[in-house]
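Structural characterization, general
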Amino acid sequence: MIHYEHFTLANGLNVYFHQDTTTPIAAMNIIYNVGSKDEEENKTGFAHLFEHLMFGGSQNIPSYDSALQIVGGENNAFTSPDITNYYITLPVANLETAFWLESDRMMSLSFDPEVLEVQRKVVIEEFKQRYLNQPYGDVWLRLRPLAYQVHPYKWATIGKDISHIEQATMEDVKSFFFKYYVPANATMVVAGNTSLEEVKRLSEKWFGDIPSGKRYQRQLPTEPPQHQARFEEVTAEVPLDAIYKTYHMPGRMHPDYYIADLLSDVLGRGKSSRLYSRLVKDQHLFNSLNAYVMGSVEPGLLVIQGNLNKGVRIEEGEQAILAIIEEVKTQGIPEAELAKVKNKAESTLLFSEVELLHRAMNLAFFANQGKPEHINLESEKMQAINAEAVQALAQQILRPENSATLYYRAKAN
Amino acid sequence: MLDRKTPPLFHPIDNIQILPLTTQMLPNGVSLHILNAGTQPLLRLEIIFSAGTSYESQANVSYFTVKMLGEGTQKRSSSEIMEYIDQYGAFIDFNHGVERVSVSIYTLNKYLANLLPILVELISEPTFPDKEFQNLKNITIQSLQVNEEKNNYLASKLFRELLFGPNHPYGKNLQATYIQPLEREDLVNHFQKNIQNRKFELIMVGSFSPRELDLVSRTFESLTIDNQVNSPISLPMQATLASRHFFQKEGSLQSSIRIGCRLFGKSHPDYFALAVTNEIFGGYFGSRLMKNIREEKGYTYGIHSSLVLYKEDGYWVVGTDVKKDFTEQTLAEIAKEAQKMQTEPVDAQELAIVKNYMLGAFAGSLNTPFDLAEVFKGIYFNQLTYEFYQKYIEQIQNITAEDILATAQKYLKIENMLEVVVGAK
């Protein structure tokens, strides 16, 4: 049970407080309700580039990082298709510094053109390091547009193309900031050994006078139901053939999300899962093989991916995967197997709550979705699922017409 | 009107509490180290043997021995073991290191009693089935081929190989040519010599009750332990002296750079001063290298320097992936920054930032029972005590710009460095 309290400032900033008296380190987590799905198709990669610019100095504080380091704090941030998330951990005695830093950059950035020029280069190197200069690094640059034709999930957070990052202008930066980086569009969580009164006092003091702005009303195109199987094939300088399959599934807040999550666990989480135990351990077709869900807010994907052993044809590997899927659809799963994946999900949840920052981050995520209470309901929702529901969902989503398949062939073969 | 230009008052960190693990000796000579902390009803239990690379008589055999512990016992097959552990929602890890190997289980307290018997089976009666071994060999070799496509993997591997020599435990890597000839019997031999009935250490951390502690003591005190203690096999180092090595990799967009030198073991008195010196140079996000190469020039997504210290020896290394056209410029800038560290004293503001940051980061690394177990291992296995960390804190607080200058002059000489570049220039 994660206890929390909530209040809203007059300017619309939602603040949550989670008390933990056992640690001398406090955490602050702020989500801005903007992700790469909110970008324009010809200006992709921008939400993430912007995240880098948030560290380039604000109106009154030239260096964010050193102002935090000198009080013994650490920070980082990430951008996803759904949100941009910033976090700080620091000694609780110096908590006010976090309020000072975060409120100043929410008020206004420095908009220094040199910062834009340098971060543009840094992000381009990040693009290369993570997506281009790695074996299989570009998989998601190919899979996303195959799985999504209309919804902006069709481009990756890093961007569709390096040229979009090269072309970003200071005007883009400013309009993005004033549209999304406003109190009404942010959720803040403070966690640690302090009190609600203190968090209220500091929030009023530092964030109270920031102009509200408007909560951004999202109007994204809906991905239409897929009616035909999609397929793409690529050949690249990689040592092993690989296969990736995606199936459309419900989004993170949908009641069926947890069913899909358990279904993916049955198929391919860990060494006793069906795909791994049969195709890696028994039949030696694959070198690695797993299944997982993308926890995206809007309708997401159940993904199966694996590297094939040398000498095994991708087609053969795919047939073996499909046979296992078919079995789940026609025969369902035994209660004991369902209990196993539920137990795993329960431990995963409890282990993830050991770290204070992680609790703060999860609370912020659900609060940003307007459902903070959800953080304490996950286990219950998971436990309530029965085997029939898993089979029914398997039949509903694990259909060829609902899938996209990528063959990633090794050149040498 | 709120003054936003002046930072809020802050408190320097002067008191860092480290919750210590306590040690009890079981009647059979096994040490059980425990810490009861945290709030969630869960724990991690680690069983640690001195059976890593330093103890192997054949390259890579220790790695496969520990990875195969879960692949079959006299009572259960590989899939039965995995199925059994998974049904309780537990996680098991087989770790392999230069000095030690370990089996760790992460579980909710309520399932501990179900899991202990199988842990005992894994360490006392593994059967190393040949079918599973051949499959694991095959998977490992193929995964290595994937890794060897990565410039950063290759650069790290080559750097360590050159630094210590490819046969020395600190320089040795997994390699297909070592793995191919390994046979099941080699694993059995390594197991019999270094794990079976050998003394081990138990580390149990989490939020548990006397019941769980009792279960663990009773389970492990009944095992027969012989008193034979193996010594690491000593191999001569074939270290490469300061030199530059370039490995061309076709089609690279970036070059991966490693540059550094050999140091000393963890108990060396210069460790503390060098830790601060390294932090300023390239250890944290606000470091000189990060500011220069990423934040001013934009050549890279990141650049870091670090100290890697084993018990007997260690090294210092700078690592980065840079845009290939700027490989030479980056190397020149690293040299320039190293030179500056040796000639110009660090100014007071920068020194204050780095000191407070290091103390805060250290305090922040003590959050969970798992963190505290790592802190304990950092001293225990190097024959140090918690005083080591008190000293760490004091030395950070008291170090001066002159100390840093002297340390940089002693250790950051670019002419003593080994340089490895994988990629394109």
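Residues numbered from 1 in each chain as written. Chains lettered and ligands numbered in written order. Predicted model: local features only at pLDDT ≥ 70, side-chain atom pairs only at ≥ 80, totals over all residues. Heavy atoms only, no water.

Scanning chain A from N- to C-terminus turns up 15 helices and 11 strands. Here the C-alpha radius of gyration of chain A, 23 Å, is about what a compact globule of 413 residues would show, namely 22 Å. In terms of overall dimensions, chain A has C-alpha extents of about 60 × 45 × 35 Å along its principal axes. A burial count over chain A gives 65% of its 413 residues as buried. Summarising the internal contacts of chain A: among those between residues at least 6 apart in sequence, 81% fall at separations of at least 24. Accessible area for chain A stands at about 15,200 Å²; split by element, carbon and sulfur atoms hold 50% of it. Taking the average location of the 39 positive side-chain charges in chain A and that of its 52 negative ones, the two points are 4 Å from each other. (Helix = DSSP H or I, 4+ residues; strand = E, 2+ residues; numbered from the N terminus. Rg over C-alpha atoms; globule rule 2.2 N^0.38 Å. Buried < 20%, exposed > 50% of the residue type's maximum accessible area, 1.4 Å probe, protein only. Contact = heavy atoms within 4.5 Å. Areas by Shrake-Rupley, 256 points an atom, 1.4 Å probe, with all protein chains shown as cover. Lys, Arg positive; Asp, Glu negative; His and termini not counted. Charge placed at Lys NZ, Arg CZ, Asp CG, Glu CD.)

Right, let's talk about the overall build of chain B for a bit. A count of helices and strands for chain B gives 15 helices and 11 strands. In terms of overall size, chain B behaves like a compact globule, its C-alpha atoms giving a radius of gyration of 24 Å where 425 residues would be expected to give roughly 22 Å. Principal axes of the C-alpha set define a box for chain B whose edges measure 65 × 55 × 45 Å. A burial count over chain B gives 59% of its 425 residues as buried. At a minimum sequence separation of 6, the contacts of chain B that also span at least 24 residues come to 80%. Roughly 17,500 Å² of accessible area belongs to chain B as shown, and the carbon and sulfur atoms make up 51% of that amount.

With 70 residues of chain A at the interface, the matching set in chain B holds 74 residues. With both sides pooled, the region where chain A packs onto chain B buries about 6,100 Å², and carbon together with sulfur makes up 56% of that total. Contact with chain B buries surface across chain A, with Gln69, Ile70 and Phe351 of chain A losing the most and accounting together for 11% of the total. For the pair chain A and chain B, the number of links is six salt bridges. (Buried area = accessible area lost by both parts, 1.4 Å probe. Salt bridge = Lys/Arg side-chain N within 4 Å of Asp/Glu carboxyl O.)

Moving on, we get to the side chain of Lys266 of chain B. Residues and elements named next belong to chain B. Within the fold, Lys266 resides in the loop between β8 (254-262) and α9 (271-283). Of the side chains with opposite charge, Glu374 comes closest to the buried, unpaired Lys266, at an N-O distance of 9.6 Å. Look past the residues within four positions of Lys266 in its chain and what remains in contact with it is Tyr271, Leu309, Tyr310, Lys311, Gly378, Asn382, Leu384 and Phe388.

Across the sheet, five strands lie side by side as β7-β11-β8-β10-β9 (chain B); this open sheet has mixed pairing. Each edge of the open sheet carries a strand with a single partner, namely β7 (243-248) and β9 (300-309) of chain B. Averaged over all adjacent pairs, the angle separating strand axes in this sheet is 15°, with direction ignored. In this structure, β9 of chain B lies alongside strand β10 (residues 314-323) of chain B, joined through eight bridges in antiparallel fashion. Residue Val308 of chain B lies in a different strand from β10 of chain B, and its bridge partner there is Tyr315 of chain B. Here helix α4 (residues 113-132) of chain A sits on the sheet and contacts β8, β9 and β10 of chain B; the angle it forms with β9 of chain B, its principal contact strand, is near 65°. (Pairing = 2+ DSSP bridges. Axes fitted to C-alpha atoms, helices over the stretch in contact; angles between N-to-C directions.)

Note that all results are geometric; they support no functional claim without further evidence.
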